[in-house]
Amino acid sequence: MLTGERLSKLKEEINVLIPYAVPPEEIESANTFLNTFAEDFFALGIIKDYYQTLPNAYEEALIKISVLEEKEQVFLMLLSTTGHHYFYVTNADESFFLSEWDRGLEDKQLLTFFGYADSKSFAKTHSDMEKCREYRSLERMDEELCPSCGVKTGSMHTLGCPVEVCPWCRGQLNYCNCRFEQLDVEAFTDDIMLDKFAVKLEQKGRIAYAKEQRPTFMVEEESGE
Ligand SMILES: [Zn+2]
Ligand SMILES: [Zn+2]
């Protein structure tokens, strides 16, 4: 099946689900939201999972998707309706509902994976829902822009951007252990250490954004069986 056909099939499946999952007065906003992602497998997959499972069984239209964390092609997302917000974890193939925003994130394995000591430190980092980065399809499809921090090809990422490549190990700078090795410490305990690391990083030479750094499922595949 060609990419375009697969996309419209997925969209049709969601169109069938919406009237069961959303009260009549919200169907229009549900469809409008859906249409902004008509070309986006990643978002359509998440939207379908949401309407299929309807966490907590509230019948509400999905109106916003935000990205909280991304590491090794695993994304922690926040799915929002007018009244509720849900944590989902997702990769290119599937997504799972975790919990509601108000209840926080308790999954130990996931917290560790994303580098958090516990649910409190996670809640501290993500305390303001309004500051969560909204997931936007068009930005993502533009290969000349970093899908996370938005800089152009050849420019330096915003420090802390999960797409930035580490000049020492070539892994994800945000998550590798080079920062500790470079400063010869076990952990970062204050901002001074972060500043020192930033200096080391400049001396070594940071790696600018290039489209090869995009997570692989974001790279358009033109197989067309
Ligand atoms: Zn970036
Ligand atoms: Zn590294």
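Broken down by element type, the protein carries eight helices and five strands. Reading the protein from its N end, one meets helices and strands in the order α-α-α-β-β-β-β-α-α-β-α-α-α. For the protein, the C-alpha radius of gyration of 19 Å lies close to 17 Å, the compact-globule estimate for 225 residues. Sorting the 225 residues of the protein into buried and exposed places 42% on the buried side. In the protein, 52% of the contacts between residues at least 6 apart in sequence involve partners at least 24 apart. By element, 51% of the accessible surface of the protein is carried by carbon and sulfur atoms, the whole surface being about 12700 Å². The average position of the 23 basic charges and that of the 41 acidic charges among the side chains of the protein differ by 6 Å.

In many analyses, interface size is given as the accessible surface area lost on bringing the parts together. Once the domains are mapped, the protein shows domain 1 (3–137) and domain 2 (142–218). Taken together, the contact between domain 1 and domain 2 spans 10 residues of the former and 10 residues of the latter. Taken together, domain 1 and domain 2 are joined by zero salt bridges. Along the contact surface separating domain 1 from domain 2 lie three residue pairs in polar contact (both at pLDDT 80 or more). Each residue belonging to the side of domain 1 that touches domain 2 can be placed in one class, and the counts come to four nonpolar, one polar and five charged.

Before going further, it helps to examine the pattern of salt bridges. This structure, assessed with the given rule, holds seven salt bridges. Asp 128 serves as the salt-bridge partner of Lys 131, at 3.9 Å between the closest nitrogen and oxygen. A relative accessible area of 72% places Lys 131 in the exposed class. Residue classification places Asp 128 among the partly exposed residues on the basis of a relative accessible area of 32%. Measuring nitrogen to oxygen at the nearest pair gives 3.6 Å for the salt bridge that ties Lys 211 to Glu 143. Here Lys 211, found in the segment after helix 8 (191–204), pairs with Glu 143, found in the loop between helix 6 (137–141) and helix 7 (178–183); they are 68 residues apart in sequence, far enough to count as distant. Sharing partners across several salt bridges, the network here consists of Lys 9, Glu 13 and Lys 48.

So, how was this worked out
- Residues numbered from 1 in each chain as written.
- Chains lettered and ligands numbered in written order.
- Predicted model: local features only at pLDDT ≥ 70, side-chain atom pairs only at ≥ 80, totals over all residues.
- Heavy atoms only, no water.
- Helix = DSSP H or I, 4+ residues; strand = E, 2+ residues; numbered from the N terminus.
- Rg over C-alpha atoms; globule rule 2.2 N^0.38 Å.
- Buried < 20%, exposed > 50% of the residue type's maximum accessible area, 1.4 Å probe, protein only.
- Contact = heavy atoms within 4.5 Å.
- Areas by Shrake-Rupley, 256 points an atom, 1.4 Å probe, with all protein chains shown as cover.
- Lys, Arg positive; Asp, Glu negative; His and termini not counted.
- Charge placed at Lys NZ, Arg CZ, Asp CG, Glu CD.
- Domains from an automatic or database assignment.
- Salt bridge = Lys/Arg side-chain N within 4 Å of Asp/Glu carboxyl O.
- Polar contact = N/O pair within 3.5 Å; in protein donor to acceptor, adjacent residues only side chain to side chain.
- Nonpolar A, V, L, I, M, F, W, Y, C, P; charged D, E, K, R; others polar.

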